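Now for the letters of each chain:
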Amino acid sequence: MRAVVVTEFGGPEAIKVVETPVPEPGDGQVRIKVGAAALNPVDAAVRAGAFGGPSGGATTGFGWDAAGTVDAVGAGAEWRPGEQVVALHTGSVKPLGTHAEYVVVDADEVAKAPAGVDAVHAATLPLNALTAAEALDLLGPGWSGSLLVTGAAGAVGGYAVQLAAQRGTPVTGWARPADEDLVRALGASGFTTGGEGSYDAVLDAAALGGAAMERVRDGGVYVGVLPGSEPEPERGVRTTAVAVATDAAQLAELVRLTDDGALTLRVAETYPLADAAKAHERLAEGGVRGRIVLVP
């Protein structure tokens with residue numbers, strides 16, 4: 001099968017599409033024939049060596065999200081070949097990721113695919129929507145108050161706006177002026193281009209750090225998306241960051257919300273797997289609204 005890997009770190013030119021054996025599922029695992037896989041900023045960080053990885057010719061693969069068809073099942077995995085699924089394949093450093101024709105994942109990383117969308121759109125759901133949902137959970141049980149979401153037009157920020165609105169949270173989106181209509185359509189009751197005002201909590205999807213922290217009221221909450229890089233606590237503000245984790249039940253709930261029309265799945269562009277380097281180049285240019293998706 002074909003898979004996207006690097007054997008040394010660098011820019012988009014480091015990307016290789018190689019032939020490698022089709023992986024076999026072990027106990028409690030499933031193999032998915034990948035229909036589509038999203039390209040995320042974390043993939044660019046992996047390519048650049050932010051998490052360590054290949055040495056001595058070893059490969060590091062790419063991709064956390066996948067949508068496709070169960071192809072083979074290991075002992076104890078309660079899935080059947082032919083089922084349409086989405087999966088979150090966690091781990092920043094792995095020999096093979098979802099940017100491949102087939103991927104093996106643990107059964108608890110899998111949920112039934114949304115019924116009303118194609119694989120390309122479904123592939124944009126797992127990582128970004130789970131990150132948004134788990135970030136909102138860090139606000140605390142039964143949390144209520146005003147919320148500012150930075151990067152509200154982006155993939156994680158857009159899901160955060162939608163999910164917060166679903167939970168009845170008054171949410172303001174911070175984005176570029178041209179994105180106001182989009183952000184309000186996602187459910188934001190307020191909009192800002194410069195972070196004016198103060199809020200009970202900030203979900204910093206744009207990783208602005210201190211600039212976002214300034215918008216949190218004394219005693220409020222700051223939730224980041226880059227663990228370890230959140231600002232130091234001050235003024236009684238609790239600071240934390242989400243480290244996305246596999247949660248099949250929550251992924252299934254996000255699929256349900258998608259089927260109910262409560263979540264909008266946004267595809268920016270698609271590229272064939274063979275053009276993975278070009279997809280990385282496009283991601284590096286910035287200004288992407290939605291996710292770039294690779295199609296084997």
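Details of the structure are given in the entry above.
Fair warning: this is a prediction, and the values are worked out from it, not measured in the lab.

Caption draft 1: Structural detail: the overall build of the protein chain. The helix and strand tally for the protein chain stands at eight helices and 16 strands. Each of the three principal axes of the protein chain carries a C-alpha extent, and together these read 55 × 40 × 35 Å. Of all 296 residues assigned to the protein chain, the portion counted as buried reaches 53%. Of the roughly 11,900 Å² that the protein chain leaves accessible, carbon and sulfur atoms contribute 50%. Charge-centre separation for the protein chain: the mean point of 21 positive side chains lies 4 Å from the mean point of 36 negative side chains.

Caption draft 2: Just helix 1 (residues 41-48), in detail. All of the buried residues along helix 1 are Val 42, Asp 43, Ala 44, Val 46 and Arg 47. Buried-residue contacts for helix 1 involve strand 1 (2-6), strand 3 (29-39), strand 4 (60-61), helix 3 (126-137) and helix 8 (276-285). The positive-phi residue at the C-terminal boundary of helix 1 is Gly 49, with phi of around 95°.

Caption draft 3: Quick look at empty space enclosed by the protein. A full pass over the atoms with the stated rule returns two cavities of 30 Å³ or more. In this structure, the largest cavity is lined by Thr 124, Ala 155, Tyr 159, Gln 162, Thr 264, Arg 266, Gly 290 and Arg 291. Considered class by class, the residues forming the lining of the largest cavity number two nonpolar, four polar and two charged. Of the volumes computed, that of the second largest cavity is approximately 30 Å³. Here the lining of the second largest cavity is built from residues that sort into three nonpolar, four polar and two charged.

Caption draft 4: Seen up close, the environment of Thr 124. Examined against the element boundaries, Thr 124 turns out to sit in the loop between helix 2 (119-122) and helix 3. Spatially, the C-alpha atoms of Thr 124 and Thr 264 are 9.9 Å apart, while their sequence positions differ by 140 residues. If sequence neighbours within four positions are ignored, Thr 124 has contacts with Ala 38, Tyr 159, Leu 265, Arg 266, Val 267, Arg 291 and Val 293. For Thr 124, the side chain forms a polar contact with the main-chain oxygen of His 121, separated by 2.7 Å.

Caption draft 5: Structural context of the sheet that holds strand 4. If you trace the three strands from one edge of the open sheet to the other, you get 2-1-4, paired in antiparallel fashion. Two strands bound the open sheet, and with one partner strand each, they are strand 2 (16-19) and strand 4. In this structure, strand 1 lies alongside strand 2, joined through four bridges in antiparallel fashion. Within the sheet, the bridge partner assigned to Val 5 lies in strand 2 and is Lys 16.

Caption draft 6: Region of the structure containing helix 3. Taking 1.5 Å as the rise per residue, helix 3 with twelve residues should run 16 Å; its terminal C-alpha atoms sit 16 Å apart, in good agreement. Buried residues dominate helix 3, accounting for eleven of its twelve residues. Restricting attention to buried positions, one finds in helix 3 the residues Pro 126, Leu 127, Asn 128, Ala 129, Leu 130, Thr 131, Ala 132, Ala 133, Glu 134, Ala 135 and Leu 136.

Caption draft 7: Structural view of the pairing of strand 6 (residues 84-88). Counting buried positions along strand 6 yields four of five residues, so the element is predominantly enclosed. Across five bridges, strand 5 (residues 65-73) lies against strand 6 in antiparallel orientation. Paired with Thr 69 across the two strands is Gln 84, which belongs to strand 6. Both strand 6 and strand 8 (residues 110-112) contribute to a ladder of three bridges, which runs antiparallel. Across the sheet, the residue bridging to Val 86 is Ala 111, located in strand 8.

Caption draft 8: Spotlight on the nonpolar core. Of all hydrophobic cores here, the largest spans 51 residues; its most connected members are Val 86, Leu 125, Leu 147, Val 149, Leu 163, Leu 203 and Leu 254. When residues in this core are grouped by element, the largest group, seven residues, is from helix 3. The residues touching Leu 125, leaving out its near neighbours within four places in the chain, are Asp 65, Pro 114, Leu 130, Tyr 159, Leu 251, Leu 254, Val 255, Thr 258, Leu 263 and Leu 265.

Caption draft 9: Structural context of the pattern of salt bridges. All told, the structure shown has 15 salt bridges when counted by the stated rule. Between Glu 253 and Arg 256 there is a salt bridge, and its shortest N-O distance comes to 2.6 Å. With a gap of three residues between them, Glu 253 and Arg 256 both fall in helix 7 (residues 248-259), about one helical turn apart. Judged by relative accessible area, Glu 253 falls into the partly exposed class, the value being 34%. A cluster of three or more residues bridged by salt bridges with shared partners is formed by Glu 24, Arg 31 and Asp 71.

Caption draft 10: Representation of the packing of helix 3 against helix 7. One can describe the packing of helix 3 onto helix 7 by two numbers: an axis separation of 10 Å at closest approach and a directional angle of 110°. It follows that helix 3 is roughly perpendicular to helix 7 by the angle criterion. Side by side, helix 3 and helix 7 meet where Pro 126, Ala 129, Leu 130, Ala 133, Glu 134 and Asp 137 of the first sit next to Gln 250, Leu 251 and Leu 254 of the second. The residue inventory of the contact of helix 3 with helix 7, partitioned by class, reads six nonpolar, one polar and two charged.

Conventions and cut-offs
- Residues numbered from 1 in each chain as written.
- Predicted model: local features only at pLDDT ≥ 70, side-chain atom pairs only at ≥ 80, totals over all residues.
- Heavy atoms only, no water.
- Helix = DSSP H or I, 4+ residues; strand = E, 2+ residues; numbered from the N terminus.
- Buried < 20%, exposed > 50% of the residue type's maximum accessible area, 1.4 Å probe, protein only.
- Areas by Shrake-Rupley, 256 points an atom, 1.4 Å probe, with all protein chains shown as cover.
- Lys, Arg positive; Asp, Glu negative; His and termini not counted.
- Charge placed at Lys NZ, Arg CZ, Asp CG, Glu CD.
- Contact = heavy atoms within 4.5 Å.
- 1 Å grid on protein atoms, 1.4 Å probe; cavity = no way out; pocket = protein on both sides within 12 Å on 5 of 7 lines; lining within 4 Å.
- Points joined across faces, edges and corners; volume = space filled by probe spheres on them.
- Nonpolar A, V, L, I, M, F, W, Y, C, P; charged D, E, K, R; others polar.
- Polar contact = N/O pair within 3.5 Å; in protein donor to acceptor, adjacent residues only side chain to side chain.
- Pairing = 2+ DSSP bridges.
- Expected span 1.5 Å × (residues − 1).
- Core = buried A, V, L, I, M, F, W, Y, C linked by side-chain atoms within 4.5 Å.
- Salt bridge = Lys/Arg side-chain N within 4 Å of Asp/Glu carboxyl O.
- Axes fitted to C-alpha atoms, helices over the stretch in contact; angles between N-to-C directions.
- Parallel < 35°, antiparallel > 145°, perpendicular 65-115°, else oblique.

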